[in-house]
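Architecture and fold: a report
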Amino acid sequence: MSNIEQRPPFPPFSVEDAIKKVRMAEDGWNGKNPEKVALAYTPDSQWRNRSEFPKGRAEIIEFLTRKWQKEKDYRLIKELWATAGNRIAVRFAYEWHDESGQWWRSYGNENWEFDENGLMAKRHASINDLKIAESDRLFHWPSGPRPADHPGLSELGL
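Criteria and cut-off values
- Residues numbered from 1 in each chain as written.
- Predicted model: local features only at pLDDT ≥ 70, side-chain atom pairs only at ≥ 80, totals over all residues.
- Heavy atoms only, no water.
- Pairing = 2+ DSSP bridges.
- Helix = DSSP H or I, 4+ residues; strand = E, 2+ residues; numbered from the N terminus.
- Axes fitted to C-alpha atoms, helices over the stretch in contact; angles between N-to-C directions.
- Contact = heavy atoms within 4.5 Å.
- Phe/Tyr/Trp six-rings, centres within 6.5 Å; stacked < 30°, edge-to-face > 60°.
- Buried < 20%, exposed > 50% of the residue type's maximum accessible area, 1.4 Å probe, protein only.

1. Quick notes on the sheet that holds strand β4 (residues 103-114)
Strand order in the open sheet formed by 5 strands is β1-β5-β4-β3-β2, and the pairing between neighbours is mixed. Two strands close off the open sheet at either side, each with one partner strand: β1 (41-49) and β2 (72-84). The sheet shows a mean angle of 20° between the axes of neighbouring strands, direction not considered. Inspection of the sheet shows β4 paired to strand β5 (residues 120-132) by 12 bridges, in the antiparallel sense. Bridge pairing in β5 places N111 opposite H124. Of the strands in this sheet, β1, β2, β3 (87-97), β4 and β5 touch helix α1 (residues 15-31), which is tilted by about 165° from β2. Against the sheet, helix α3 (residues 56-70) touches β1, β2 and β3, its axis set at about 50° to β1.

Quick look at the structure:
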């Protein structure tokens, strides 16, 4: 198998490895590049995201492309909730605005399962959306990965 098909750290995950994996996922999603993000998943990865069930990288790319076209100025923070073996549980929040300029904060939880090569084989996400005023935004950084000194969810009281 080529290096592109491996994503360290590999399971079973220590807490430190899981924290690293979570931050890598956050940084990838904040980059908003569907093709690059899809490489972190197995070719036959299975998702549940709200009411959608993408399977495989091609459907993941289609899903993420639609998502980031709709969710303008997207900023995401993920935080480790728990880990055991080849599984990681994550809580997250992200802020975005729609075409009308209405800001939203979306909260959720994800359950991840990885293969032996560190690629995510399953992703189950539950997400709720809350309208917020632009003045209530908490995620302020330029487009791209969250700076190392920007507070995480716990520090922000989320």
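Further notes follow.
2. A few points about the environment of N30
Note that N30 resides in helix α1. N30 sits 116 residues away from R146 along the chain, and the two C-alpha atoms are 7.5 Å apart. Apart from the residues lying within four places of it in its own chain, the contact partners of N30 are Y74, R75, L76, W141, G144, P145 and R146.

3. Points about the packing of aromatic side chains
According to the stated counting rule, one finds 11 aromatic pairs in the structure shown. Consider the rings of F13 and F114, whose centres lie 5.0 Å apart with planes at 80°: the pair is edge-to-face. Here F114 lies in strand β4 and F13 lies in the segment before α1, a separation of 101 residues in the sequence. Assessed through its relative accessible area of 5%, F114 is described here as buried. With 5.7 Å between their ring centres and 80° between their planes, W47 and F63 make a pair best called edge-to-face. A residue pair is termed long-range when its members are at least 10 positions apart, and W47 in strand β1 and F63 in helix α3 qualify at 16 residues. Here W47 matches F63 in class, with each residue buried. Here a set of aromatic residues connected by ring pairs shows up, and it is made of W29, Y41, W47, F63, W68, Y74, F92 and Y94.

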